[in-house]
Structure formats: C-alpha cells, structure tokens
Amino acid sequence: MAHKKESALDRFIKKLTKATPIEQESEIKLDHDFDGIEELNNPLPPWWSMGFLITVIIAIFYIAYYWVMGKDSQYVEYERELAAAKAQIEKYKKEHGVVDENTVVLLTDENALAEGKAIFDKNCAACHLPDGGGSIGPNLTDKNWIYGCDIKSLFKVIHDGTSKGMPPWKSLGGDKIQKVASYVLVKLQGTTPANPKAPEGEVCEVK
Ligand code: HEC
C-alpha cells in the first residue's frame, strides 16, 4: 500500500481518538442497519474519557472541600468580604471624618468655623456676598430659608446644588461642606449685612 508519510499531528490525533482507520471500518461494523445508517463499534475516544475522568476527580475534591470539610461556599465568602469591606468603609470614615448627608453635624469649634469662612469667601461670596447678604444667591443671614435651616438641609443643598442657580459643591468633599454649612448657620445667620436681599422662603428657626 502506498502510504503517505504520517505526520506527528496525525499520530497525535490518532492517539486522542483511537478511531479505526476508514479502510478497516468493515471489521468493526455492528450488525444493525437503521434505514442504511450503520453503526461502528469504535472505542470511546481517549480525549473524551480523560475529560470525564478529570471531572470525576474534581468532583471528589469538591465534595471533600465543601461538604466533608464544610468550607465556605462562594455565597458565604461573598457575604463575608462584603461585610469586611463595609467595616473598612466605616473605619475609614471614623478615622478620616468623611462626612455625608446622614452623618453631618453642626460644628461650633472656632477652628472649623474659620476654615468654613475661608471656604465661603473663596467659593460662595461671589453669589451670596462675603457678609452673606445675598446677590445672585439668597440672603443667608435672615430667618427665611428656601430649603430648610438645619445642618442636614444645608449640607444637601450645598452638596447637590439646585435647579435654580445654586451650583453643586460635591467636589469640595463632605468635610469642607460640613464646615462651610456650619459657618453659614453659626456665623452668618442672625447677623445684619450691609445690603440685605429681601427674604425668600419660609421662616425657619435655626437651633
Ligand atoms: C453661582 C452663584 C452661587 C454660588 C457660587 C453659590 N451659590 Fe448658594 N445659591 C445660589 C442660588 C441662586 C441659590 C438659590 C437656589 C434656589 O432657589 O434653588 C442658592 C442657595 C443656597 C442655599 C440655600 C438657601 C436657602 O434659602 O435655602 C445655601 C445654604 C447656599 N446657597 C450656600 C452656598 C454655599 C455654602 C456656597 C459655596 C460653597 C454657595 N452657596 C455658592 C447661588 C450660588
């Protein structure tokens, strides 16, 4: 027989499939014939049996690890990592004082208020005037407040801005917003500015 030379790849594929060559197929033909469709008695291809064996071995380790030794499943691991991450965030907030709408409190410490004044003069005075009397923005010294006069309301307005011309200041970060809001409530509210703008909003008693 004139054989064409068998390449390494051919030999490899043969090893993986163990299929009987076409010339010898008549030897492994089974007796049944389904409307002309014939069946060959080829062995299971080794690549397939190997794959099966590997899954069986993995399953043994899997069962041993999760059921017998009772190690944490992916869900338990996820919950645990989530809880750890949340705890880290809380810890960070405690240490670095990252303030948000829910944790903001009125500061009365003079250093913090002085910082608040610096932030106000730099970022807010253009619209609210340095003495808070108001120009483009409303008067911040009177008892009238459009969005409420508690520290949380001020924090929210300053952080988010409004659709009527108050820009959002979230880029300042929670700490600075807390300071500037405290400055507005403690130092500006209740003073008499040079040119007070007419009151806007509801009367709100600053505590
Ligand atoms: C570009 C002009 C502008 C700048 C800058 C600005 N504001 Fe305002 N601010 C406004 C306007 C306009 C309003 C009224 C918004 C409205 O009625 O919705 C306002 C509203 C407010 C209010 C709510 C007042 C109320 O009656 O409820 C507070 C508090 C406030 N500003 C604080 C600040 C602080 C603090 C800064 C600086 C970080 C600042 N603003 C910077 C224009 C400005």
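## Structural notes on unusual backbone geometry
No. 1: Its identity is not glycine, yet Lys18 carries a phi of approximately 55 degrees, on the positive side.
No. 2: Note on placement: Lys18 falls in the loop between α1 (8–17) and β1 (29–34).
No. 3: You will see that Asp35, though not glycine, has its phi angle at about 45 degrees, which is positive.

## Considering the site of the ligand
No. 1: Lining the immediate environment of the ligand, one finds 21 residues, of which Cys124, Cys127, His128, Tyr147 and Met166 sit closest.
No. 2: For the shell around the ligand, the leading source of residues is helix α6 (residues 151–160), giving three residues.
No. 3: Of the residues belonging to the shell around the ligand, the class tally is 15 nonpolar, five polar and one charged.

## Observations concerning the pairing of strand β2 (residues 37–40)
No. 1: Pairing of β1 with β2, which is carried by three bridges, proceeds in the antiparallel orientation. Following the sheet pairing, Phe34 is matched in β2 by Ile37.

## Points about the domain arrangement of the protein
A common way to report how large an interface is uses the accessible area buried once the components associate.
No. 1: Domain boundaries in the protein define domain 1 (12–68) and domain 2 (110–203).
No. 2: Here domain 1 and domain 2 have C-alpha centroids that lie 78 Å from each other.

## Things to note about the packing of α6 against helix α7 (residues 174–188)
Two quantities define a packed helix pair, namely the angle between the axes and the distance from one axis to the other.
No. 1: Packing of α6 against α7 brings their axes to within 9 Å, and their N-to-C directions diverge by 120 degrees. Comparing their axes, α7 and α6 come out oblique. As α6 packs across α7, the resulting crossing turns out to be right-handed. Between α6 and α7, the contacting residues are Ile151, Leu154, Phe155, Ile158 and His159 on the first element and Gly174, Ile177, Gln178, Val180, Ala181, Ser182, Val184 and Leu185 on the second.
No. 2: Split into classes, the residues belonging to the contact of α6 with α7 amount to nine nonpolar, four polar and no charged.

Cut-offs used in this document
- Residues numbered from 1 in each chain as written.
- Predicted model: local features only at pLDDT ≥ 70, side-chain atom pairs only at ≥ 80, totals over all residues.
- Heavy atoms only, no water.
- Helix = DSSP H or I, 4+ residues; strand = E, 2+ residues; numbered from the N terminus.
- Near = heavy atom within 4 Å.
- Nonpolar A, V, L, I, M, F, W, Y, C, P; charged D, E, K, R; others polar.
- Pairing = 2+ DSSP bridges.
- Domains from an automatic or database assignment.
- Axes fitted to C-alpha atoms, helices over the stretch in contact; angles between N-to-C directions.
- Parallel < 35°, antiparallel > 145°, perpendicular 65-115°, else oblique.
- Left-handed = near helix turned anticlockwise from the far one by under 90°.
- Contact = heavy atoms within 4.5 Å.

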